[in-house]
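Spelled out from the first residue to the last, the chains are:
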Amino acid sequence: MRDSTQSAIFGALSNELRMSSIANNLANVNTSAFKKDKLAFHDTFIRFAHDYLVDAKTYIRGEDMFPEGHIMAKARLSAQQADLSQGSMERTGNQLDFALSGPGFFSVQGDTAMLYTRAGNFVTDGDGMLKTVDGYPVMVGGGPLIIPQGGRIQVDDEGNIQVNGEPAGSFDVVDFDSPELLERVGSNNYIMPTGGAQIPPQDVSVAQGFIEKSNVEVVTEMVSMIETQRAFTMYTKMIQGDSDLDSKLINQVGRPTA
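Residues numbered from 1 in each chain as written. Predicted model: local features only at pLDDT ≥ 70, side-chain atom pairs only at ≥ 80, totals over all residues. Heavy atoms only, no water.

**Q** Whenever I open this one, the overall build of the protein chain confuses me. Can you help?
**A** Scanning the protein chain for helices and strands turns up two helices and 18 strands. Split into buried and exposed, the 258 residues of the protein chain put 33% on the buried side. Accessible surface for the protein chain amounts to roughly 15500 Å². Of this, 53% is attributable to carbon and sulfur atoms. (Helix = DSSP H or I, 4+ residues; strand = E, 2+ residues; numbered from the N terminus. Buried < 20%, exposed > 50% of the residue type's maximum accessible area, 1.4 Å probe, protein only. Areas by Shrake-Rupley, 256 points an atom, 1.4 Å probe, with all protein chains shown as cover.)

**Q** Can you help me understand the sheet that holds strand S11 (residues 160-163) in this one?
**A** The strands making up a sheet are joined through hydrogen bonds of the backbone, oriented either antiparallel or parallel. Taken together, three strands build an open sheet; the order of strands is S10-S11-S12 and the sheet is antiparallel. For this open sheet the edge positions go to strand S10 (153-155) and strand S12 (166-170), each flanked by a neighbour on one side alone. In this sheet, adjacent strand axes meet at a mean angle of 25° when their direction is disregarded. By the bridge criterion, three bridges tie S10 to S11 in an arrangement that is antiparallel. Within S11, the residue paired with Val 155 across the bridge is Ile 161. (Pairing = 2+ DSSP bridges. Axes fitted to C-alpha atoms, helices over the stretch in contact; angles between N-to-C directions.)

**Q** Would you mind going over the nonpolar core with me for this structure?
**A** Nonpolar side chains tend toward joint burial in soluble globular proteins. Of all hydrophobic cores here, the largest spans 20 residues; its most connected members are Phe 98, Leu 130, Ile 153, Ile 161 and Phe 171. Where this core is concerned, the elements lending two or more residues are strand S4 (97-101), strand S5 (105-109), S10 and S11. Judged by nonpolar contacts, the second largest core, of eight residues, contains Ala 82, Val 174, Leu 182 and Tyr 190. (Core = buried A, V, L, I, M, F, W, Y, C linked by side-chain atoms within 4.5 Å.)

**Q** Looking at this structure, how should I read the sheet that holds strand S15 (residues 189-191)?
**A** Spatially, six strands are ordered S14-S15-S6-S5-S13-S16 in an open sheet, and the strand pairing comes out antiparallel. Only two strands of the sheet have a single partner each, and these edge strands are strand S14 (183-185) and strand S16 (198-199). Pairing between strand S6 (residues 114-117) and S15: two bridges, direction antiparallel. Of the residues in S15, the one forming a bridge with Tyr 116 is Tyr 190.

**Q** Hey, could you run me through the packing of aromatic side chains in this one?
**A** Note on aromatic pairs: each is described by the distance of the centres and the angle between the planes. In the structure shown here, the tally under the stated rule is eight aromatic pairs. Both rings, one in Phe 98 and one in Phe 171, keep their centres 5.1 Å apart while their planes meet at 65°; by these two values the pair is edge-to-face. Here Phe 98 is found in strand S4, whereas its partner Phe 171 is found in the loop between S12 and strand S13 (173-176), with 73 residues between them in sequence. Taken individually, Phe 98 and Phe 171 each receive the classification buried, so the pair is uniform in this respect. On the basis of an interplanar angle of 75° and a centroid distance of 5.2 Å, the ring pair of Phe 106 and Phe 122 is categorised as edge-to-face. With Phe 106 in strand S5 and Phe 122 in the loop between strand S7 (120-121) and strand S8 (123-124), the pair connects residues that are 16 residues apart, well separated along the chain. Of the two residues, Phe 106 and Phe 122, neither departs from the other in class, the shared state being buried. Connected via pairs of aromatic rings, a cluster forms that spans Phe 98, Phe 106, Phe 122 and Phe 171. (Phe/Tyr/Trp six-rings, centres within 6.5 Å; stacked < 30°, edge-to-face > 60°.)

**Q** Can you help me understand the confidence of the model for the protein chain in this one?
**A** Note: predicted coordinates in regions of low pLDDT should not be interpreted at a detailed level. Per-residue pLDDT for the protein chain averages 84, and the proportion of residues at 70 or more is 82%. The least confident element of the protein chain is strand S2 (residues 71-82), whose mean pLDDT is 66; the most confident is strand S9 (residues 130-131), at 96. (pLDDT = per-residue confidence, 0-100.)

**Q** Which parts of the structure should I look at to understand the pattern of salt bridges?
**A** When the charged atoms of two side chains with opposite charge come close together, those side chains can pair. Scanning all chains against the criterion turns up six salt bridges. Notably, a salt bridge pairs Lys 35 with Glu 212, separated by 2.5 Å at the nearest N-O pair. One end of the pair, Lys 35, is in the loop between helix H1 (3-27) and strand S1 (37-47); the other, Glu 212, is in strand S18 (residues 210-212), and 177 residues separate them in sequence. Overall, the relative accessible area of 1% leaves Lys 35 in the buried class. When the shortest N-O distance is used, the salt bridge between Arg 118 and Glu 212 registers 3.0 Å. With Arg 118 in the loop between S6 and S7 and Glu 212 in strand S18, the pair connects residues that are 94 residues apart, well separated along the chain. Of the two residues, Arg 118 and Glu 212, neither departs from the other in class, the shared state being buried. Look at the salt bridges and you will find they share partners, linking Lys 35, Arg 118 and Glu 212 into a network. (Salt bridge = Lys/Arg side-chain N within 4 Å of Asp/Glu carboxyl O.)

**Q** Sorry, what's going on with the environment of Gly 150 here?
**A** Tracing the backbone through its elements, the reader meets Gly 150 in the loop between S9 and S10. When the C-alpha atoms of Gly 150 and Gly 128 are compared, they prove to be 9.3 Å apart, with 22 residues separating the residues in sequence.

**Q** How do you make sense of unusual backbone geometry when you look at a structure like this?
**A** Backbone geometry follows two general trends: most residues other than glycine have a negative phi, and most peptide bonds adopt the trans configuration. Positive phi values are uncommon outside glycine, yet Ala 33 reaches one of about 60°. The buried category is assigned to Ala 33, whose relative accessible area is 3%. Of note, Asp 203 is a non-glycine position whose phi angle comes to about 55°, a positive value. Mapped onto the elements, Asp 203 comes out in the loop between S16 and strand S17 (205-208). On the basis of relative accessible area, Asp 203 is assigned to the exposed category, the value being 74%.

Structure below.
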């Protein structure tokens, strides 16, 4: 396989993944507190053998013993992670809607592990337990919160909760020393893999009656989609061009003469 063909294949595959990421971002533009995915690229350098050789000369005008070194760079995907930048606030007036302003996450009890989310559009089940829209209990003081039928809930900026005027605990809002290590679970929940550590949240406040909107910018994503589509088309043309060239080499240059 030609080196140019191999590079084009990797380029096309990288842009295919980038297109999937953009499509997922656009699909969740109206999802509360959704954080868009971003991709990072890096150059993989290929060095030739003579790049490592030292050209020793016996005198200043001596001729070079080896040709000049050449380095080939090929772009590759290196990371895919969520962009945790703040989304805009939208007033709803719903007493069970909450938005975080600043770095931090609500703690919710997942099926097998603790999950973390910024989506504060909570609901109550038949027993009055406060849950996320995915059905996970919201942690308040280390456990779930039960709101009586018709109960009135009030929350201050620090996340302290009162139900019918009585203190009921505080939201378990946490932050992490390396939030970039968070792994997405579903569309709006995250899990901290081994190696990450919780830290007390700083400069974060809770706003009741608001939800945080997604941080997806439609115009930016559409421009990226057009750019990605053009790049993918370019790579496919490179693959087709190499294929046509190989066909000519086999069918014309390699044809035996009479």
